[in-house]
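# Structure assessment
Okay, here's what each chain looks like letter by letter:
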Amino acid sequence: MAYLGEPHRTVAVLQKYNFHVQKKYGQNFLIDAHVLERIIEEADVTKDDFVIEIGPGIGTMTQYLCEAAGQVAAVEIDKNLIPILHDTLSSYDNVEIINEDILKLDIAAFAREKNSGRPVKVVANLPYYITTPIIMGLFESHAPIESITVMVQKEVAERMQCKPGSKDYGALSLAVQYYASPKIVANVPPNCFLPRPNVGSAVIRLTRHEEPPVRPEDEALMFRLIRASFNQRRKTLVNGLKNASELTFSREQIEAAVTALGKPLTVRGEALTLAEFARLSDCLSGQQPAALKR
Ligand code: SAM
């Protein structure tokens, strides 16, 4: 098969369709066959799998996915790429091309409908400008997803994998680690893309936990506390939570909860583990309803 994962083939397709790359859609097409093979291998795609690909571009990774998977659904926002995809994927009968904005799709309903409720795998070279909303949207939708294997900006991959105390530890690290085990499986330099991005990239695999590592009484409150503590990184946890517009706990309530955790009142949010945020949330959730602003 004439795989697209070679620079001259990608250039030929772009020229044939007189296609101009859209920066606003984060279009950086993969042109390295080794990287493509590695992604498919790390995603552990087999003929038993239903794969959702976000942003197929001209269909480069989609070809590899069609070869390896049972079924593929490829969701692309750019309508100008749709005729190109129909051409480059014409020899496959196990792919559906969908012209949609992934952020507007009801991903849980979509995944359930496509694979009769069985878990799907998500594999993508993501548009970097919306990495966080895509990842959080996939998790928060509670869609039946077994794993997410994606190319992202290197720093973002590192943030997802970070542990407490490091400078990149934040709300994204905690949210990702609540839902999944992250593992960076490859670093990818800019010359593997056309056009070259001006940042380094990495492939990260997020394997969904069967059971979450912590079970807060009120998951939504735990995430509000997490966001509030990292919105004001330089402040102590007590001040960060006191000043947060989406929370209305009194200083006394917050101080009592921090003390109950066994932490000094000067502690910062970045020192807390996921388990500690869950306990903090449980300490405060009893004091919630009247105090919570919606
Ligand atoms: N998969 C291709 C590859 O590896 O060569 C292209 C990857 S490129 C980094 C990101 C792709 O996501 C582009 O095709 C872009 O048009 C598409 N995209 C951007 N925003 C999107 C959105 N909101 N929903 C669906 N696709 C989107």
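Residues numbered from 1 in each chain as written. Predicted model: local features only at pLDDT ≥ 70, side-chain atom pairs only at ≥ 80, totals over all residues. Heavy atoms only, no water.

### Things to note about the domain arrangement of the protein
Just so we agree on the cut-off: Domain delimitation in this document rests on an assignment produced automatically or drawn from a domain database. In what follows, residue pairs with any heavy atoms lying within 4.5 Å of each other are defined as contacts. What counts as buried area is the accessible surface, traced by a 1.4 Å probe, that two parts surrender upon association, with contributions from both included. Salt bridges are counted wherever a side-chain nitrogen of Lys or Arg sits within 4 Å of a carboxyl oxygen of Asp or Glu. Between N or O atoms, a polar contact is any pair within 3.5 Å; within protein, one atom must be a potential hydrogen donor and the other a potential acceptor, and residues adjacent in sequence are included only when both atoms are from side chains. Under the scheme applied, nonpolar residues are Ala, Val, Leu, Ile, Met, Phe, Trp, Tyr, Cys and Pro; charged residues are Asp, Glu, Lys and Arg; polar residues are all the others, including Gly.
When cut into domains, the protein gives domain 1 (7-208) and domain 2 (219-292). A straight line from the C-alpha centre of domain 1 to that of domain 2 covers 34 Å. Across the boundary between the two partners, domain 1 contributes 13 residues, which contact twelve residues of domain 2. Carbon and sulfur atoms supply 66% of the area that domain 1 and domain 2 bury against each other, a total of about 970 Å² over both sides. Contact with domain 2 buries area across many residues of domain 1, yet Y169, L174 and Y178 alone supply 51% of it, more than any other trio. Inspection of the domain 1/domain 2 interface yields zero salt bridges. Linking domain 1 with domain 2 are four residue pairs in polar contact (both at pLDDT 80 or more), by the criterion used here. Here the residues of the side of domain 1 that touches domain 2 sort into seven nonpolar, five polar and one charged.

### Things to note about the pattern of salt bridges
Threshold: The buried label goes to any residue with under 20% of its type's maximum accessible area, the exposed label to any with over 50%, and the partly exposed label to all in between, with areas taken from a 1.4 Å probe on protein chains only. Helical segments are the DSSP runs of H or I of at least four residues, strand segments are the runs of E of at least two, and each set is numbered from the N terminus.
Per the stated rule, a full pass over the model turns up twelve salt bridges. Among the salt bridges present, the one from R215 reaches E211, with a minimum N-O distance of 2.4 Å. We note that R215, like E211, is exposed. K263 is the partner of E276 in a salt bridge, and the nearest nitrogen-oxygen pair spans 3.2 Å. Placement of the pair is E276 in helix 12 (residues 274-285) and K263 in the loop between helix 11 (251-260) and helix 12, with a sequence separation of 13 residues. A cluster of three or more residues bridged by salt bridges with shared partners is formed by D49, K121 and E146.

### Quick look at the pairing of strand 2 (residues 50-54)
Condition: When the strands point away from the viewer, a crossover counts as right-handed if the route from the first strand across the helix to the second turns clockwise. Strand pairing follows a simple DSSP-based rule, namely that at least 2 bridges must link the two strands.
The buried fraction of strand 2 amounts to five of the five residues, a majority that puts the element mostly inside the structure. Where burial is concerned, the two faces of strand 2 agree: the one with F50, I52 and I54 and the one with V51 and E53 are both buried. Handedness of the β-α-β unit built from strand 2, helix 3 (residues 60-68) and strand 3 (residues 71-76) comes out right-handed. Across three bridges, strand 2 lies against strand 5 (residues 120-125) in parallel orientation. When the bridges of strand 5 are listed, V51 appears paired with K121.

### Looking at the site of the ligand
For clarity, the threshold we go by: Put simply, a residue is near a molecule or strand once any heavy atom of it comes within 4 Å of that molecule or strand. Per-residue and other accessible areas follow the Shrake-Rupley method at a 1.4 Å probe size, with only the shown protein chains counted as cover for residues.
Taken together, 22 residues lie around the ligand, and L30, G55, E76, D101 and N125 are the ones closest in. Here a nitrogen atom of the ligand sits 3.5 Å away from a polar atom, N or O, in the main chain of P56. Interatomic distance of 3.3 Å between a backbone N/O atom of G57 and an oxygen atom of the ligand. When the ligand is considered free in solution it has 600 Å² of accessible area, and contact with the protein chains removes 99% of it. Listed by contribution, the elements that provide at least two residues to the shell around the ligand are strand 1 (29-30) and strand 3.

### Concerning the pairing of strand 4 (residues 95-99)
The sheet contact formed by strand 3 and strand 4 spans five bridges and is parallel. Each residue of the ladder has a partner; that of A73, found in strand 4, is E96.

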